[in-house]
Amino acid sequence: MGEQTSVKFPQEVLDEYAALGVDLHALFSAGHLGTRMGVQILEASADRVVATMPVEGNTQPYGLLHGGASAVLAETLGSVGSMLHGGSGRIAVGVDLNCTHHRGVRSGLVTGVATPVHRGRSTATYEIVISDEQDRRVCTARLTCLLREVDEAGQAKTVAEVTEAKERGEA
C-alpha cells in the first residue's frame, strides 16, 4: 500500500524535475503517514490531484472513517497540487486546513479530488472533495499552502533571506 509508481504526471512536470535529477514519485508521494494509511495518488497536476484511501485501518472506535484520516488525505492532495503549482523552486507548507464531514463510511475506499480555488505567487488554495464508492460526498475540505522559495540545496528560504535577495536584485 502507498506505492506511488503509477501516478500520472503531466509531461512538462516530468521533464522539469528529471532535468534536476529529482525523483518526482518520491517527492510527491503521500509520505510515511500516507503510506501507513494506504493513500494511493493516482493522478497529479496543478489542476487536479486524485487519490484513494481505504476505510479499513483508518476508523475511529465506532467503526466509521476517522475525520483525521480524511484530513490527512485532504492535506496530502492539496499539498501535492500546491507543490506542482509552485514548481521546482518552491515548497508548499500547509497553513490552514478546514474539513466538513458530511456522512460516515464503514468500508471500502474513499476517493479524494483536489482542484484549485486560488493559485498565486505566494499561496495556493485547493478544495478537496472526498467521496465514497457510491460517489456520495463524505467530506469537503479546503487547504491553503504558503509557497516558500528554496535555495540550491533544496532548503526553504526564510522571509528575511528572500527580502535580502530582492534588495540585492537577485530575486
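Described below are features of the structure shown in this document. Everything quoted here is computed from the prediction, not taken from an experiment.

Rules used throughout
Residues numbered from 1 in each chain as written. Predicted model: local features only at pLDDT ≥ 70, side-chain atom pairs only at ≥ 80, totals over all residues. Heavy atoms only, no water. Buried < 20%, exposed > 50% of the residue type's maximum accessible area, 1.4 Å probe, protein only. Helix = DSSP H or I, 4+ residues; strand = E, 2+ residues; numbered from the N terminus. Pairing = 2+ DSSP bridges. Expected span 1.5 Å × (residues − 1).

A few points about the pairing of strand 5 (residues 123–131)
And then number 1: Within strand 5, 7 of the 9 residues are buried, which leaves it mostly tucked inside the rest of the structure.
And then number 2: Two strands pair when backbone bridges link them, and strand 4 (residues 109–119) and strand 5 are joined in this way by 8 bridges, in the antiparallel orientation. From the neighbouring strand, Ala114 faces strand 5, where its bridge partner is Ile128.
And then number 3: Linking strand 4 back to strand 5 in an antiparallel pair, the connection comprises 3 residues.
And then number 4: Judged from the 9 bridges that link them, strand 5 and strand 6 (residues 137–149) form a sheet pairing that is antiparallel. Its bridge partner lying in strand 6, Thr125 is registered against Thr144.
And then number 5: The loop that links strand 5 with its antiparallel partner strand 6 comprises 5 residues; one of these, Asp135, has a positive phi angle of about 65°.

Here we look at helix 4 (residues 67–86)
And then number 1: Under the 1.5 Å per step criterion, the end-to-end length of helix 4 is 28 Å for 20 residues, consistent within 8% with the ideal 28 Å.
And then number 2: Here helix 4 lies mainly inside the structure; 16 of its 20 residues are buried.
And then number 3: Just downstream of helix 4, Gly87 is the residue with a positive phi angle, here 80°.

Shape is all these values report; function is a separate question.
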